[in-house]
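Tertiary structure, described
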Amino acid sequence: MSFEPARWWPGSLLPKEDGTQGALLFVIAVLAFLACLSAIGAIASERAAEGWKDQLIGSATVLVRASGLESADAAAARAAETLAGVKGVAEARALDKAKGDALVARFIGPDPLPADLPIPRLVAVEFNSKHPATTADLRRALEADGLDATVEDHSLWTAQIMRTGALARWAAIGLFFLISGAAGALVAFATRQGLDARRDLVEILHYSGASDDFVAQMFQARFARMAAIAGTAGGVGAALAGAGLHLFGRGQSVAAILPVAWTDLVVALPCPFVAALIAAVTARLTARAVLKNSP
Amino acid sequence: MEDKSGDNGPAVRFDGVTMAYGSQPPILNDVSFRLERGSFHFLTGASGSGKTTILKLIYMAEQPISGRVELFGHDLTTLPRRERPALRRRIGVIFQDFRLLDHLSAFDNTALAPRIAGRKAAAYRNDVAELLAWVGLGSRMDALPATLADGEKQRLAIARAVVNQPELLIADEPTGNVDDAIAQRILRLLSELNRVGTTVLVASHDEDLVARSGIPVLHLSDGGLTRFDRGRRGV
């Protein structure tokens, strides 16, 4: 077919990609995959932490000790009755001795405890979810009924869970920036290498009147397109991995730690754009810095 | 449109220019000359006499160690780097080794300067096609440089250099790699460009061709200018 100038359209002035850029594309795709996966993991772990916190905040445990002639079991039953009448308490129930012993057995072993050991009894309290009672309300009611009891509102555990959730979130953010930095460094290296390998082309462009911006824009476009492709591959890979966790993680311990929801996979959507943006900015800045020293 | 503010001098002016590469002895020593707009000159001299260096100083690939180089009235030794592209767009350069872009077709190579100047493709693709036909490459527009003969490459290099109708055309040994018939044809092409107002400076070591052409000569020897013909269109 003969060449038709009227149908000619300017293509890229850079030669087609070589094998090096294929390897670069693969590495950036892997980095994008890890970045997306860490974001999905952060969202899921935060959800897990929120769930655990809600469970803990919605309940309290009361330790009831025997006092005077009243046995611990009788005091626990009376405490459960008192607490059930407190406004904002949905349910209060005394745990039987066997359950209490099972809890203690975790720490002191399975051998039965001496019958005369004054082991306190436990009362589990579930709060009304809309208008929960406070621990102060429980304490006041127990004191008013003359019960020797300690209210444990799980605040220690709640704080630890929240700290763990925050740690997971910041770790994911840190990981994202670390991966972005690594991707940027790779693109910067590839841009320098590309400029060096295409020195002759760059010189001809300069001598033909091209500005540094014109030359930098070529490398910017090349690497942004490549990063967009890599970001798409990495994002799709991470979304598939997340979907796998959602579908096959049910009933596994992993689902308790990372309860991935379908909506979490949305974080993979901006991956190609973010990857392209990082690559474009890095390539442009690097190219401009290198070209500054050319004639 | 290029910014031509401050344009009030000759096309090229060298004033006491000394140039050396690294710690080598100066290749140009206190060289002064001026090329008026619309003039045509040959730049002659033995190999290593500094012909290519003079061209490089004009297209801003090198800077002199002392003296002043002016292009269209602009002092290139003090010109900010960001202003070089606009001035370079007013020059066409034909390199000794062609320096064609091997991955681009003859058409793409020729279209380089208009693209860089930011012109729309529809506005210049016909010009490019006509120019390639004018240099005798009308049937090789989609050919890659590697498939062209030396004479064709030379003519393609000329087409690339003149496509934007430069005010100054500098050529480094444009007839160095071709036979006499093609050399004469290339010289005719350059003369035609000069006739439409382009200032032309051609570096050549081909004494016979220079003598036969009757074109004014700047001759370099021992780092200095030893002959300077003023020519028909004033120097």
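Residues numbered from 1 in each chain as written. Chains lettered and ligands numbered in written order. Predicted model: local features only at pLDDT ≥ 70, side-chain atom pairs only at ≥ 80, totals over all residues.

Let's talk about the overall build of chain B
Each helix and strand in chain B was counted, giving 8 helices and 10 strands. For chain B, whose C-alpha radius of gyration is 17 Å, the value lies close to the compact-globule estimate of 18 Å for 235 residues. Its C-alpha atoms put chain B at 45 × 40 × 35 Å along the principal axes. Considering chain B as a whole, with its 235 residues, one finds that 44% of them fall into the buried category. Look at the contacts in chain B between residues 6 or more apart in sequence, and 71% of them connect residues 24 or more apart. (Helix = DSSP H or I, 4+ residues; strand = E, 2+ residues; numbered from the N terminus. Rg over C-alpha atoms; globule rule 2.2 N^0.38 Å. Buried ≥ 20, exposed ≤ 12 C-beta atoms within 10 Å, placed from the backbone. Contact = placed C-beta atoms within 7 Å.)

Observations regarding the interface of chain A and chain B
Contact residues are listed per partner, giving 18 residues for chain A and 24 residues for chain B. Here the side of chain A that touches chain B gets 5 residues from one element, more than from any other, and that element is helix α6 (residues 199-207) of chain A.

Focus: helix α2 (residues 72-84) of chain A
All names here are of chain A. Compared with an ideal rise of 1.5 Å per residue, which puts 13 residues at 18 Å, α2 spans 18 Å between its outermost C-alpha atoms and is within 8% of the ideal. Taken residue by residue, α2 has A72, A75, A76, A79, A80, T82 and L83 as its buried positions. The buried side chains of α2 occupy one side of the element, clustering within an arc of 165° when seen end-on. Lining the buried residues of α2 we find β1 (59-65), β2 (89-94), β3 (121-127), α4 (135-144) and β4 (148-152). (Expected span 1.5 Å × (residues − 1). Arc of directions from axis to C-beta.)

Concerning unusual backbone geometry
Residues and elements named next belong to chain B. For R99, which is not glycine, the phi dihedral falls at a positive 50°. As for its placement among the helices and strands, R99 is situated in the loop between β6 (91-94) and α3 (106-110). R99 gets classed as partly exposed once you count the C-beta atoms within 10 Å, which come to 19. For E173, which is not glycine, the phi torsion reads 50° and is therefore positive. Relative to the elements of secondary structure, E173 occurs in the loop between β7 (168-172) and α7 (180-195).

Quick look at the sheet that holds β6 of chain B
Residue and element names in this part refer to chain B. If you walk across this open sheet you meet the 6 strands as β6-β7-β8-β3-β9-β10, and the pairing is mixed. Of all the strands in the sheet, the pair left with one neighbour each is β6 and β10 (224-228). Neighbour-to-neighbour, the strand axes of the sheet open up by a mean angle of 20°, direction not taken into account. As defined by bridge partners, β6 adjoins β7 across 4 bridges and the pair is classed as parallel. Counterpart to I91 in the pairing with β7 is L168. (Pairing = 2+ DSSP bridges. Axes fitted to C-alpha atoms, helices over the stretch in contact; angles between N-to-C directions.)

What about the packing of helix α6 (residues 150-162) of chain B against α7 of chain B?
Residues and elements named next belong to chain B. Look at α6 against α7: their axes get within 11 Å of each other, and the N-to-C directions meet at 10°. Judged on the interaxial angle alone, α7 and α6 are roughly parallel. Every residue of α7 that contacts α6 at G151, Q154, I158 and V162 is listed here: I182, I186, L189 and L193. Residues belonging to the contact of α6 with α7 are distributed by class as follows: 6 nonpolar, 2 polar and no charged. (Parallel < 35°, antiparallel > 145°, perpendicular 65-115°, else oblique. Nonpolar A, V, L, I, M, F, W, Y, C, P; charged D, E, K, R; others polar.)

Considering the nonpolar core
Residue and element names in this part refer to chain A. Counting 129 residues, the largest nonpolar core has C36, A227, A275 and A279 as its most contacted members. Ranked by residue count, the leading element in this core is helix α1 (residues 19-57), at 16 residues. Setting aside anything within four residues of it in sequence, one finds A275 in contact with I28, A32, A183, A227, A228, A230 and G231. Within the second largest apolar cluster, 21 residues are counted, among which are V62, A79, V123 and L147. (Core = buried A, V, L, I, M, F, W, Y, C linked by C-beta atoms within 7 Å.)

So, the packing of helix α7 (residues 212-248) of chain A against helix α9 (residues 271-291) of chain A
Residue and element names in this part refer to chain A. Viewed as axis vectors pointing N to C, α7 and α9 meet at an angle of 155°, and their least axial separation amounts to 7 Å. One way to sum up the angle between α7 and α9 is to call them roughly antiparallel. In this structure, α7 crosses over α9, and the sense of that crossing is right-handed. Looking at side-chain class alone, the contact of α7 with α9 contains 20 nonpolar, 5 polar and 3 charged residues. (Left-handed = near helix turned anticlockwise from the far one by under 90°.)

As for the environment of S221 of chain B
Residues and elements named next belong to chain B. With respect to the helices, strands and loops of the structure, S221 is situated in strand β9 (residues 217-221). When the 13 C-beta atoms within 10 Å are taken as the criterion, S221 is described as partly exposed. Sequence separation between S221 and P64 is 157 residues; the distance between their C-alpha atoms is 18 Å. Those residues in contact with S221, other than ones at most four positions away along the chain, are G45, S49 and T226.

Here's the deal with the sheet that holds β3 of chain A
Residues and elements named next belong to chain A. Reading across from one edge, β2-β3-β1-β4 is the order of the 4 strands in this open sheet, with antiparallel pairing throughout. The outermost strands of the open sheet, each flanked by one partner alone, are β2 and β4. Averaged over neighbouring strand pairs, the angle between their axes works out to 20° when direction is ignored. Here β2 pairs with β3 via 5 bridges, running antiparallel. For E91, the partnering residue across the bridge sits in β3 and is E126. Contacts from α2 reach β1, β2, β3 and β4, with the element oriented near 175° to β2. Across the sheet, α4 lies against β1, β3 and β4, angled at about 175° from β4, the strand it touches most.

Considerations on α6 of chain A
Buried within α6 of chain A we find L201, V202, I204, L205, H206 and Y207 of chain A. In the core, the buried residues of α6 of chain A are packed alongside α5 (155-197) and α7 of chain A together with α2 (84-88), β6 and α4 (112-116) of chain B. In the segment just after α6 of chain A, G209 of chain A is the residue with positive phi, at about 100°.

Here we look at the environment of L28 of chain B
Looking at the element boundaries, L28 of chain B is found in strand β2 (residues 28-35). Discounting residues that sit within four places of it in the chain, L28 of chain B has contacts with V17, T18, M19, G50, T53, I54 and G223 of chain B.

Points about the confidence of the model for chain B
Residues and elements named next belong to chain B. The predicted model of chain B has a mean per-residue pLDDT of 88, with 95% of residues at 70 or higher. Considering each helix and strand of chain B separately, the mean pLDDT is smallest for β10, with a value of 78, and largest for α3, with 95. For this predicted complex, the interface score ipTM comes out at 0.89, alongside a pTM of 0.76. (pLDDT = per-residue confidence, 0-100.)

Things to note about the pairing of strand β8 (residues 199-203) of chain B
Residue and element names in this part refer to chain B. Burial analysis of β8 places 5 of its 5 residues in the buried class, the great majority of the element. Alternating positions in β8 separate into two faces, T199, L201 and A203 on one and V200 and V202 on the other, with burial throughout. Where strand β3 (residues 40-45) lies against β8, 4 bridges are found, and the strand directions are parallel. Considered in β8, the bridge of F42 is made with V202. Direction of pairing for β7 relative to β8: parallel, over a ladder of 5 bridges. Bridge assignment links A171 to a residue of β8, and that residue is V202.

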